[in-house]
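# Structural characterization, general
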Amino acid sequence: MRFNAEGLNMADTTVPSIYGYTNYRDYLAAFYQARKTSRRGYSYRQFSQQAGFTSPNFLKLVIEGKRNLSPQSVEQFIEALSLSVPMASYFRCLVSLNQATDDEEKHELFQKLTRLTPLTRRYELEADAVEYIQHWIYPVLREMVSTGEFVDDPYWIERRLNGRTDIREITHALNFLRTRGFIAKDENGKWQVKDDVVISSDEVRSLAIRSYHRHALEQAITMLEDLPMSAREFGALIFHLPEEDLPELKQKLKDIRKDLHRWAMDKAKIHPDSVVVQLNFQMYPQSKKVAKA
């Protein structure tokens with residue numbers, strides 16, 4: 001059996017490449033459909049026989065999420081899938097990622113998955129979008145560009161940030177935003193924000209968003225200590241509510257966020273000289289104005 005530089009099976013081009021998948025069940029479903037289309041009579045039973053399972057529909061149960069894979073069954077699947085050595089490593093990591101329950105472990109596994117992905121396929125993982133969401137400084141710097149007053153100088157940026165950071169971290173973040181295309185200069189040499197950040201994979205989106213909110217909560221603690229009361233708003237409201245009305249409360253909070261976002265956008269159009277604000281229903285400004293010399 002021959003493989004190319006990315007570990008793809010040269011003998012069977014009908015089988016989808018596993019690279020770029022963030023859910024092993026989705027890959028298994030695609031694999032099965034491709035085999036069933038290209039090989040007359042291919043069935044779940046045939047896969048089970050090739051993998052050494054006694055249950056004829058084990059693959060179907062795994063695809064439907066009714067069964068997980070053990071370390072032993074992972075190796076049996078690799079055999080039946082005819083995965084190359086590098087693709088087998090990706091599959092093992094992907095199974096561990098999908099079946100892990102701890103976010104820190106999931107994050108480490110996603111980083112490993114990125115390293116196991118050939119450079120030509122990494123865009124499919126949306127790893128850049130994940131890194132962007134997971135650190136508070138990336139979206140803050142991107143939003144600073146939108147204010148219309150932005151200088152791509154780490155020292156200029158440092159003087160205008162409230163969050164705890166240093167020149168090295170700012171420089172890294174600025175280079176990340178520039179090289180990954182989150183910000184770019186227009187024909188007049190002015191920095192502009194490019195397309196909105198989109199993560200299409202449910203598995204990756206969930207991991208990134210949970211990580212973002214965790215970091216935002218951690219930063220809120222530092223802002224509680226660093227900023228005077230006049231510059232922030234931390235509040236809490238305790239009340240009782242019928243449990244069946246919790247979905248309505250959640251929707252009301254979403255509506256409030258949308259209304260506040262529209263209000264802020266309208267204000268920014270009138271007054272482009274703005275500061276970046278973080279709102280978690282703890283409110284604190286992420287940036288500050290600096291007196292002009």
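Please read these numbers as outputs of a predicted model, since none were measured by experiment. (Residues numbered from 1 in each chain as written. Predicted model: local features only at pLDDT ≥ 70, side-chain atom pairs only at ≥ 80, totals over all residues. Heavy atoms only, no water.)

## Topic: the pattern of salt bridges
The tally for this structure, following the rule as stated, stands at 10 salt bridges. Lysine 66 is paired through a salt bridge with glutamate 64; the nearest N and O atoms lie 3.3 Å apart. Accessibility expressed as a relative area gives 54% for lysine 66, which makes it exposed. The class for glutamate 64 is partly exposed, based on a relative accessible area of 40%. Notably, a salt bridge pairs arginine 178 with aspartate 152, separated by 3.4 Å at the nearest N-O pair. You can see arginine 178 sitting in helix α10 (residues 167–179) and its partner aspartate 152 sitting in the loop between α8 (137–146) and α9 (154–158), a full 26 residues away along the chain. With a relative accessible area of 30%, arginine 178 lands in the partly exposed category. Look at the salt bridges and you will find they share partners, linking Lys60, Glu64 and Lys66 into a network. (Salt bridge = Lys/Arg side-chain N within 4 Å of Asp/Glu carboxyl O. Buried < 20%, exposed > 50% of the residue type's maximum accessible area, 1.4 Å probe, protein only. Helix = DSSP H or I, 4+ residues; strand = E, 2+ residues; numbered from the N terminus.)

## Points about the layout of surface pockets
A volume near 2200 Å³ is recorded for the largest pocket. In terms of lining, the largest pocket is formed by 46 residues, of which the most central are Glu143, His261, Val277, Gln278 and Leu279. Of all the elements in the fold, those that place two or more residues in the lining of the largest pocket are α7 (127–134), α8, α11 (202–226), α12 (246–270), β4 (277–279) and β5 (282–285). Per-element accounting of the lining of the largest pocket gives the leading share, 12 residues, to α12. Considered class by class, the residues forming the lining of the largest pocket number 26 nonpolar, 10 polar and 10 charged. (1 Å grid on protein atoms, 1.4 Å probe; cavity = no way out; pocket = protein on both sides within 12 Å on 5 of 7 lines; lining within 4 Å. Points joined across faces, edges and corners; volume = space filled by probe spheres on them. Nonpolar A, V, L, I, M, F, W, Y, C, P; charged D, E, K, R; others polar.)

## Some points on a nonpolar patch on the surface
A grouping of Leu253, Ile256, Leu260, Trp263, Leu279 and Phe281 is seen on the molecular surface, where their side chains present a nonpolar patch of about 540 Å² in accessible area. By residue number, the principal contributor to the nonpolar patch is α12, which donates four residues. Mapped onto the fold, leucine 260 is located in helix α12. (Patch = residues over 30% accessible without salt bridge, like charges linked within 9 Å, V, L, I, M, F, W, Y side chains within 5 Å. Areas by Shrake-Rupley, 256 points an atom, 1.4 Å probe, with all protein chains shown as cover.)

## Brief notes about the packing of helix α5 (residues 85–99) against helix α6 (residues 103–116)
Contact geometry for α5 and α6: axes closest at 9 Å, N-to-C directions at 160°. Here α5 is positioned roughly antiparallel relative to α6, judged by the angle of their axes. Note on packing geometry: the crossing formed by α5 with α6 is left-handed. Between α5, through Ser89, Tyr90, Cys93, Leu94, Ser96, Leu97 and Asn98, and α6, the contact on the second element is made entirely by Lys106, Leu109, Phe110, Lys112, Leu113 and Leu116. (Axes fitted to C-alpha atoms, helices over the stretch in contact; angles between N-to-C directions. Parallel < 35°, antiparallel > 145°, perpendicular 65-115°, else oblique. Left-handed = near helix turned anticlockwise from the far one by under 90°. Contact = heavy atoms within 4.5 Å.)

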